[in-house]
Amino acid sequence: MSRDTSSRPHRVGTEALLPFAEGEDGRMVHVSTVKNGKKCGCICPACRGPLIAYHPRAKKAPYFGHYTNAACDPPRALETMLHKLAKQLIEERKEVRVPPVVASFGETHSELSKGGIFRPESVRVEEAVPGMRPDIIATLGRKELFIEVAVRHKVGAEKLALIKERRHSTIEIDLAQWRHETDEAKLAQAIIYDAPRVWLFNSAASDKEAALLAEQEERAQQRRERAIKLANAILPGLSEPPLMKAPPGSLFAEYLASVEDAGMADVVGVAIPGSGAFGVADEIWQAAVLHFLLRQTAVTVRYLPLDNAEYSLLSAAATLAHRDTAVDWTVVERITEGKVRDPRAAVRTYLDYLCERGIATFCGADQYAVPWNVMFRAREAQKESQARRDRLTTLRKAFEETSQLVGGPSMTFATWIDVQHEGIQATPRELAYRSEWSLSPLLDRMRRIGNLVTPEAAIVEGGLLGFPAEEHLAARKADAERKRIAAEEIKAARVAAEQVRQVTEAAARLQSIRIATQEIEGGEALLHTPLKELDDRSIEQTKGWMSPTEFVLVWGLIRGRQDIARKKKEREAATFAEAEKWREKLIQRVAELFKPEFRHSVLHSTYPETFKRKLIEYCSDEKTYKVSVNVAERVRVGRN
Ligand SMILES: [Zn+2]
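Residues numbered from 1 in each chain as written. Predicted model: local features only at pLDDT ≥ 70, side-chain atom pairs only at ≥ 80, totals over all residues.

### Some details on the overall build of the protein chain
At step 1: Of the regular secondary structure elements, the protein chain holds 20 helices and 18 strands.
At step 2: The C-alpha radius of gyration of the protein chain comes to 69 Å, more than 25% above the 26 Å expected for a compact globule of 640 residues.
At step 3: Seen through its C-alpha atoms, the protein chain measures out along the principal axes to roughly 220 × 90 × 40 Å.
At step 4: The buried share of the protein chain, reckoned over its 640 residues, is 29%. (Helix = DSSP H or I, 4+ residues; strand = E, 2+ residues; numbered from the N terminus. Rg over C-alpha atoms; globule rule 2.2 N^0.38 Å. Buried ≥ 20, exposed ≤ 12 C-beta atoms within 10 Å, placed from the backbone.)

Shown next, in the form of structure tokens:
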């Protein structure tokens, strides 16, 4: 049993202070398990000198010190102590943790076993094998594991080489972090389980690594062989530069068109060293790469689908009947004297060229991208190119339709499109290249030319754009002339009718005014009097031609006069009725006063009182009635 003595023992001078020492039976014992002082009976595991056990009072950890002043190197004493303790613990417990077994080859690492606890049947310590003396040899059946315990020094290069040469599976446990540990349980835990340990050599891993190496060499050999075969196949074709062009309608043609549309035709067809790998003209494979770059905005060269069907141009070439990964391109390059390189290397060189031209940028990690402004310009240019093609298609369709309508074209579209036609400022192609806006007047005119066959056609004002439509135009012009004349005749008839109507109206107006003036006193004179309402002309002078305003004014004037005349007549009528009444009364009075044979004479005679007027005429109101009655009564007196 050990006490909790995790704190370090105090050092006295340069003396080694050991928590463990070798007991009388040769086993390592902890200082707390032996008698105090010289009676401990322990010796130093390094110098084998006698030791004294110090059991200080409380708060201080116990330790062994050397009894004599014999020179003993303290670190060496500690190291030897740990070595012996480790050997003893593993030997006694018969178990030790081994690390995972990993076979490493190049950048690949494959774990062959997860490691774990190795439980040997027997453990031998400090046993010499030819050429070396491992710390521990643990065996289980035919398996033999060497265990090295490192405190200050790890296994040296010479010993390591020997271990590998002899193929001894060996682990090394690194106790450097535990060299001042005094607690027995903690040291046991570290030695058997926790302390870092590595395989100095593992036969299984070694076998696996050897197998991987052999495989790699085999593959490399195959790649070399393929490369030689490939290079020999390519060589005859390299006497002349590859000239395969893009057949119309093929993907290659499409790539080229797309690059031309983007306004980048000048960066394809660049001489790139070793591009013989593609077996096609430079502009073809470069257009494919550029097309892909523009479409993806970024590419990683090692992932470029060089053997993809889309890039069949590459597989079309004899060189790429093989995958580049299966060919040692350095061999091909050597044999073809650099005319053929790894296609990806050629692609990289080409992309570097694009970087110089500002079309691409290198982003690191084998990746190239298109700057956004380049991408934007390219896409705009592609859109415009497409729009131009669309306009040309529209133009061709209109050409065909018009030709058909007017009885066949007089020239082919290919000729027609580049002719400067009468009445337009540019050739049809130039107009189509400019914009939809500038093309539409031409299309409109073609439509009108096509419509010349219909009677309703509007006449084409300019030329016939080379269409054989003269007859139609002449017919439509004659037709239009006829229509124009007919229209003019109708218009003249309307004007005449209007004039007649106006004359009739004027006469009617004058007549109605004349009739109205007849009712007016001095009406005839009014017809001849200059009136300010008629700008100092008389009504008769106007002969009835007056503006509606003038007519209204004249009519108002006549109405006013008519009213005055009517009122006067009414007044006269009333006076006459009153007079009649008084005359009737007078006739009755005369009848009362005279015999019938005198009555007429009295009434129709004149008198001074009546101002020499006949009595019957004089009597017209109450006053004259009274005068008349007085006159009659005076006459009766004289006569009767
Ligand atoms: Zn010693």
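### Examining the packing of helix α1 (residues 74–93) against helix α3 (residues 184–194)
At step 1: Between α1 and α3, the shortest axis-to-axis distance is 10 Å and the interhelical angle comes to 75 degrees. When the axis of α1 is compared with that of α3, the two are roughly perpendicular. Across the interface between the two elements, Leu85, Ala86, Leu89, Ile90 and Arg93 from α1 touch Leu187, Ala188, Ile191 and Ile192 from α3.
At step 2: Class assignment of the residues belonging to the contact of α1 with α3 gives a composition of 8 nonpolar, no polar and 1 charged. (Axes fitted to C-alpha atoms, helices over the stretch in contact; angles between N-to-C directions. Parallel < 35°, antiparallel > 145°, perpendicular 65-115°, else oblique. Contact = placed C-beta atoms within 7 Å. Nonpolar A, V, L, I, M, F, W, Y, C, P; charged D, E, K, R; others polar.)

### Some points on the sheet that holds strand β14 (residues 298–300)
At step 1: As summarised here, the arrangement of the 3 strands in space is β14-β16-β15, forming an open sheet in which the pairing is antiparallel. The open sheet has two free edges, formed respectively by β14 and β15 (361–364), since each of these has just one partner strand. Between one strand axis and the next, the sheet turns by 25 degrees as a mean value, whatever way the strands run. (Pairing = 2+ DSSP bridges.)

### Here we look at the confidence of the model for the protein chain
At step 1: Averaged over every residue, the pLDDT of the protein chain is 82; residues scoring 70 or more account for 90%.
At step 2: Every residue in residues 1–12 scores below 50 in pLDDT, and together they form 26 contacts with partners more than four places removed in sequence or on other chains.
At step 3: Throughout residues 308–324 the model reports pLDDT below 50, and contacts reaching past four residues in sequence, or to other chains, amount to 46 contacts. (pLDDT = per-residue confidence, 0-100.)

### Examining the nonpolar core
At step 1: Counting residues in each nonpolar core, the largest one holds 43 residues, and the members touching the most others are Leu18, Ala21, Ile147 and Leu175.
At step 2: Here this core takes 7 residues from α1, the largest share from any one element.
At step 3: Residues from two domains meet in this core; each of domain 1 (20–72) and domain 2 (87–201) gives at least three.
At step 4: Beyond its immediate chain neighbours, meaning those up to four positions away, Leu18 contacts Tyr63, Phe64, Ala77, Leu78 and Met81. (Core = buried A, V, L, I, M, F, W, Y, C linked by C-beta atoms within 7 Å. Domains from an automatic or database assignment.)

### Here's the deal with the pairing of strand β12 (residues 170–174)
At step 1: Burial analysis of β12 places 4 of its 5 residues in the buried class, the great majority of the element.
At step 2: Across 5 bridges, the pairing between strand β11 (residues 143–150) and β12 is parallel. From the neighbouring strand, Val149 faces β12, where its bridge partner is Ile173.
At step 3: The parallel pair β11 and β12, bridged by helix α2 (residues 157–166), forms a crossover whose chirality is right-handed. (Right-handed = clockwise from strand over helix to strand, strands pointing away.)

### A word on helix α9 (residues 343–356)
At step 1: Its 14 residues give α9 an end-to-end C-alpha distance of 20 Å, which sits within 8% of 20 Å, the value for a rise of 1.5 Å per residue.
At step 2: Of all the positions in α9, only Pro343, Ala346, Val347, Tyr350, Leu351 and Leu354 are classed as buried. Angularly, the buried residues of α9 cover 135 degrees about the axis, an arc narrow enough to put them on a single face.
At step 3: Phi turns positive, to about 80 degrees, at Gly358, one or two residues after α9. (Expected span 1.5 Å × (residues − 1). Arc of directions from axis to C-beta.)

### Re the sheet that holds β12
At step 1: A sheet is described by the order of its strands in space; here 5 strands give the open sequence β9-β10-β11-β12-β13, paired in mixed fashion. Of all the strands in the sheet, the pair left with one neighbour each is β9 (122–125) and β13 (197–201). Strand-to-strand twist across the sheet, computed as the mean angle between neighbouring axes with direction ignored, equals 25 degrees.
At step 2: Of the pairings in the sheet, the one linking β9 to strand β10 (residues 136–140) comprises 4 bridges and is antiparallel in character. Pairing of Ser122 across the sheet is with Thr139, part of β10.

### Some details on the packing of helix α10 (residues 372–405) against helix α13 (residues 436–450)
At step 1: Following both chains from N to C, one finds α10 and α13 inclined at 10 degrees, their axes separated by 9 Å at the closest point. As the angle between them shows, α10 and α13 are arranged roughly parallel. Both α10 and α13 take part in a crossing whose hand is left-handed. Touching Arg391, Leu395, Ala398, Glu401, Thr402 and Leu405 of α10 are Glu436, Leu439, Leu443, Met446, Ile449 and Gly450, all from α13. (Left-handed = near helix turned anticlockwise from the far one by under 90°.)

### Describing unusual backbone geometry
At step 1: Within the chain, Ala365 stands out as a residue other than glycine whose phi angle is a positive 50 degrees.
At step 2: Structurally, the position occupied by Ala365 is in the loop between β15 and β16 (367–369).
At step 3: Take Ala365: there are 8 C-beta atoms within 10 Å of it, and that puts it in the exposed class.
At step 4: Even without being a glycine, Phe611 presents a positive backbone phi close to 55 degrees.

### Regarding the environment of Lys383
At step 1: Position of Lys383 among the secondary structure elements: in helix α10.
At step 2: Residues Lys383 and Leu78, 305 residues apart in the sequence, show an inter-C-alpha distance of 83 Å.

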